[in-house]
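Examination of the molecular architecture
Residue-level listing of the chains:
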Amino acid sequence: MNKRARVLLLNAALGPLDYRVDREHAVEPGSIVLAPLGPRQLAGVVWEPDAMPSDAEVGDNRLRPLLGVYDLPPLKASLRRLIEWTADYYLAPPAAVLRMALASASALDGVRTVTEYRATGHVPPRLTPQRAQALERIDNRQGLVRELATIADVSDGVIRGLVKAGAIAPVEVRVDDPYPLPDPDHLQPDLSPEQQAAADRLTQAVDARVFAPILLDGVTGSGKTEVYFEAVAAALRSGRQTLVLLPEIALTEPFLKRFANRFGSAPVAWHSDLRQSQRRRAWRAIASGEAKVTVGARSALFLPYRDLGLIIVDEAHEASFKQEDGVMYHARDVAVMRGGFEQIPVVLASATPAIETRQQVAQGRYGEVKLPARFGGATMPDIAVIDLTHDRPDRGRWLAPPLVDAVKETLERGEQALLFLNRRGYAPLTLCRHCGHRFQCPNCTAWMVEHRLTARLACHHCGHVMPPPRACPECKEEDALVACGPGVERIADEAALLFPEARTAIVTSDTLWSPAKAAEFVNRMEAGEIDIVIGTQLVTKGYHFPNLTLVGVIDADLGLSGGDLRAAERSFQQIAQVAGRAGRGAKPGRVLVQTYEPAAPVIRALVSGDADSFYAAETDARRSAGAPPFGRFAAIVVSSENLDEAAETARIIGRAAPTVDGMQVYGPAPAPLAMLRGRHRQRLLVHARRALDVQDVIRTWLGKLDLPRGARVAVDVDPYSFL
Ligand code: ADP
Ligand code: ZN
């Protein structure tokens, strides 16, 4: 009899398939193999047959043979269980989850060098505009032809032309160079007694080598990072690997620097901005166990660590840990599951923990370590309200007089100020003064947002851009377009008018689009080259600028307008986090919050510092509504390019909704974001009691339906977005 192997291929449309294993190939569950599929060859992983039913039973004599086995460590059982769990829980194809584990296809084959390209410095005479643009944008970066073309926003051909002309030349990059080892004893800080006690609890958990989810709840500036670094040191001493998840790739660069100060060398970074050669090197080092500490975005969670000893989720309350397309998982939840499968501690660090996490602590399922005071005698900032119904900004302005005065005083003392407004661009809405025409995205139910810095109108949902037209497309009136409402660019204009001497910087995903840009911003802040930062939620996270002493929140009511179940909590977290940037050094900090609703519970909690009663009230409200974490939601989102098809598909699903005790189905109804990227959207919302296996219900429910071909159905389990 032939030996068979069940293989999960990197093809999301397929479940596992069986193959014949010839004598020269030794495989075991977890082996990474190459298998034929039709005329193609695909990588895949050998799975236990009883853990995953085959898509197609094939007799022994018709099995096709495996083509090869990669010379890589097999995926461990703990990771295979995590992949199964994630696929099952989030109703995703197992192969789509596997793809996140085998995240660098090019890393599999073990080639040791990659040919990259970089500018030689030789500039040929008579450059075409495209070639000139390419050389300017590439500057001193290097990468594959594809990667350089993307950076330069030109075709591959332009880059190849520059190679022929001698302006760009190949360089061999070795991708198996070892990473330096972080040294746990490089520069140990003197911890305060509270910090030491917290650090001891974490290091004990690392040494115990059992599953232990722990909330590290410490106010902003209390030294959470210093404390969890001690846990990282403990993992290093025992030779095991650590994964640190950060919510935003803009935070990686400052983190790498800080880590290198403590441990003598930088950790391995993993995020979407890596070049292929960097991904390949990182992936292989992670799989071999050589990469001792990896810091990354949520996608780092599924990598095949050889000997993981600790996971840290920093800023664990952040909504950006929720992936909103493809496999719609929540990295905080999956991190805890991975900790369970690996039998290791998982530390969730936050100054504003999510209600879901607090509830786990309250029920004794998660441990809790607290840091109630800032480090080094720094005090918590003083938070005060500016009531916009009394203190009105001038017409067409957004800074109320008390905030203007506070900024002025701050600048006079030579200190830095931060103005927070969670809106990119110049103005959220542009309309025609003459006929009232509003600029809407042709692909989405969304206004086009004016960006003056790039002289464009842009859709923040699909990326559609257009130049701002001189004349209204509706009534043809010229120069009649008016900007409505403020974005950060408009606040920057106002700041420039009010404080002409001050040096300002705008911090949004438009300006800090890469880790390098973020590092540049941090350096300029630290060097005192910026007086006023105007930023979106991107500046609320993690940064530590001792000379920043004033934070102004331009519109505290903005976050409440969305109105989903987490709006108040999110608003509280965001303002508490941005407030936490003030006064982190020796100088005390001050926070001014502009609002039309000073009596709103969120605002009152922020001003009084009484987070506990705010959270208690929010938690009660969730409990009585049966909302998470006391009940569960799952969204079913139907989309199609055709309006009728979307509606019809949603109706078919709605009509087939099963009657299940403890479960209710709302909708279908057009989604608030009724059109996105040219697809019409309909939503159904499933609300269930906590103990119900909603996934199983939905799987059976949707599984038997015959749906129109052009419609896409996505299930969002534990949704964070209700748009
Ligand atoms: P958090 O993450 O809780 O906001 P951080 O870990 O960023 O706080 O610490 C705030 C600042 O205080 C950082 O600059 C950090 O280096 C410094 N700090 C905290 N604890 C210590 C310590 N024990 N010794 C020296 N510096 C510390
Ligand atoms: Zn759009």
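Above: the structure in question.
Anyway, here's the lowdown on the structure attached to this text. (Residues numbered from 1 in each chain as written. Chains lettered and ligands numbered in written order. Predicted model: local features only at pLDDT ≥ 70, side-chain atom pairs only at ≥ 80, totals over all residues. Heavy atoms only, no water.)

All right, on to the layout of surface pockets then. Of the pockets and cavities examined, the second largest pocket occupies roughly 1,000 Å³. Contributing to the lining of the second largest pocket are 32 residues, with His271, Asp273, Leu274, Arg275 and Gln278 lying nearest its centre. Secondary structure elements with two or more residues in the lining of the second largest pocket: α4 (145-152), β8 (168-174), α8 (252-263), β11 (268-270), α9 (276-288) and α14 (515-526). For the lining of the second largest pocket, the residue count by class is 14 nonpolar, nine polar and nine charged. (1 Å grid on protein atoms, 1.4 Å probe; cavity = no way out; pocket = protein on both sides within 12 Å on 5 of 7 lines; lining within 4 Å. Points joined across faces, edges and corners; volume = space filled by probe spheres on them. Helix = DSSP H or I, 4+ residues; strand = E, 2+ residues; numbered from the N terminus. Nonpolar A, V, L, I, M, F, W, Y, C, P; charged D, E, K, R; others polar.)

What follows covers the nonpolar core. In terms of nonpolar packing, the biggest core is built from 78 residues, with Leu98, Leu245, Trp283, Leu301, Val313, Tyr329 and Trp701 touching the most fellow members. When near neighbours in sequence (up to four residues on either side) are disregarded, Leu301 contacts Leu82, Leu243, Leu245, Tyr329, Ala331, Val334, Ala335 and Arg338. Leu202, Val369, Ala576 and Phe614 belong to the second-largest nonpolar core, a separate cluster that totals 72 residues. (Core = buried A, V, L, I, M, F, W, Y, C linked by side-chain atoms within 4.5 Å. Buried < 20%, exposed > 50% of the residue type's maximum accessible area, 1.4 Å probe, protein only. Contact = heavy atoms within 4.5 Å.)

Around ligand 1, the structure places 15 residues, and the nearest of them are Asp190, Gly221, Lys224, Glu226 and Arg258. Separating an oxygen atom of ligand 1 from a side-chain N or O atom of Glu226 is a distance of 2.8 Å. Between ligand 1 and His544 there is a distance of 2.9 Å, counted from an oxygen atom to a side-chain nitrogen or oxygen. Surface burial for ligand 1 is 80%, taken as the share of its 550 Å² of free accessible area covered by protein chains. Tallied by class, the residues present in the shell around ligand 1 amount to three nonpolar, seven polar and five charged. (Near = heavy atom within 4 Å. Polar contact = N/O pair within 3.5 Å; in protein donor to acceptor, adjacent residues only side chain to side chain. Areas by Shrake-Rupley, 256 points an atom, 1.4 Å probe, with all protein chains shown as cover.)

Here the focus is the pairing of strand β6 (residues 113-119). As paired strands, β6 and β8 are joined by seven bridges and run antiparallel to one another. Counterpart to Ala119 in the pairing with β8 is Ile168. Inspection of the sheet shows β6 paired to strand β7 (residues 142-143) by two bridges, in the antiparallel sense. The partner of Tyr117 across the bridge, within β7, is Gly143. (Pairing = 2+ DSSP bridges.)

Turning to empty space enclosed by the protein, a few remarks are in order. Applying the stated criterion across every chain, the model contains three cavities of 30 Å³ or more. In this structure, the largest cavity encloses a volume near 90 Å³. Taken together, His317, Glu318, Ala319, His330, Arg332, Ala354, Glu356, Arg566, Glu569, Arg570, Gln573 and Tyr720 make up the full set of residues lining the largest cavity. Sorting elements by how many residues they give to the lining of the largest cavity places helix α15 (residues 567-579) first, with three residues. The residue makeup of the lining of the largest cavity, split by class, is three nonpolar, three polar and six charged.

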